[in-house]
Amino acid sequence: MAFVLINTEMGSETEVLGALRKIANVKEAYIVYGVYDIVAKVEAESMDKLKDIITWNIRRLNKVRSTLTMMATESA
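Definitions and limits used
- Every chain is numbered on its own, with residues counted from 1 as its sequence reads.
- Per-residue local features are limited, in this predicted model, to residues with pLDDT of at least 70; the limit for side-chain atom pairs, both in listing and counting, is 80 or more; totals at the level of whole chains, interfaces and linings are taken over all residues.
- With hydrogens and water stripped out, all remaining heavy atoms of the structure feed into the side-chain values.
- At least two DSSP bridges between two strands are required for those strands to pair.
- Helix and strand assignments come from DSSP, with helices taken as H or I runs of at least 4 residues and strands as E runs of at least 2, each series counted from the N terminus.
- The axes are straight lines fitted to the C-alpha atoms, using for helices just the contacting stretch, and the angles between their N-to-C directions are given from 0 to 180°.
- We call two residues in contact when some of their heavy atoms are within 4.5 Å.
- Helices are assigned an expected span. That span is 1.5 Å times one less than the residue count.
- Whether a residue is buried, partly exposed or exposed follows from its accessible area with a 1.4 Å probe, protein chains only, as a fraction of its type maximum: under 20%, in between, or over 50%, in that order.
- The arc in question is traced by the directions running from the helix axis to the C-beta atoms.
- Here the nonpolar core consists of buried residues drawn from Ala, Val, Leu, Ile, Met, Phe, Trp, Tyr and Cys, with membership extended through side-chain atoms lying within 4.5 Å.

### As for the sheet that holds strand 1 (residues 2-8)
Adjacent strands of a sheet pair through backbone hydrogen bonds, lying either parallel or antiparallel.
Part 1: Strand order in this open sheet of four strands is 2-3-1-4, and the pairing throughout is antiparallel. Both outer strands of the open sheet, strand 2 (26-31) and strand 4 (64-71), are each paired with one neighbouring strand and no more. Across the sheet, the axes of successive neighbouring strands diverge by a mean angle of 20°, strand direction being ignored.
Part 2: Two elements, strand 2 and strand 3 (residues 38-42), share five bridges in a ladder whose sense is antiparallel. Its bridge partner being in strand 3, Ile31 is matched across the sheet by Ile38.
Part 3: This element, helix 2 (residues 47-58), spans strand 1, strand 2, strand 3 and strand 4 of the sheet and lies at about 165° to strand 4.

Below is the structure:
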């Protein structure tokens, strides 16, 4: 599992959020205030699959300017 912090082009947060929610492995996504515009929770069967989803599906969305990925190692 990973949390992906996303910066979008100004004013395109809702559009990017809608596109994210269509990606099967994106389990949750929210518009947030602060340094980043959107935070998304992404789940996959393996780290390699997770990296592929983030690289090829999320980072390539139209109007995504940058991302920061935080890989989760364990939960409480």
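We are not done yet, so read on.
### Quick look at helix 2
Part 1: Over its 12 residues, helix 2 runs 15 Å from end to end, which matches the ideal 16 Å to within 8%, given 1.5 Å per residue.
Part 2: For helix 2, the set of buried residues is Leu50, Ile53, Ile54 and Ile58. Along the long axis of helix 2, the arc covered by the buried residues comes to 90°, so they all point the same way. In this structure, helix 2 carries Asp48 and Trp56 as exposed residues pointing more than 90 degrees from its buried face.
Part 3: For helix 2, the secondary structure elements touched by its buried residues are strand 1, helix 1 (13-21), strand 2, strand 3 and strand 4.

### Points about the nonpolar core
Nonpolar side chains tend to gather and get buried jointly when the protein is soluble and globular.
Part 1: Ile6, Leu20, Ile23, Val26, Val42 and Ile58 are the most contacted members of the largest nonpolar core, which has 18 residues in total.
Part 2: At the level of elements, strand 1, helix 1, strand 2, strand 3 and helix 2 are the ones that each hand at least two residues to this core.
Part 3: With four residues, the single largest contributor to this core is helix 2.
Part 4: In this view, Ile6 contacts Leu20, Tyr36, Asp37, Ile38, Ala40, Ile58, Val64, Ser66 and Thr67; residues no more than four positions away in its chain are not counted.

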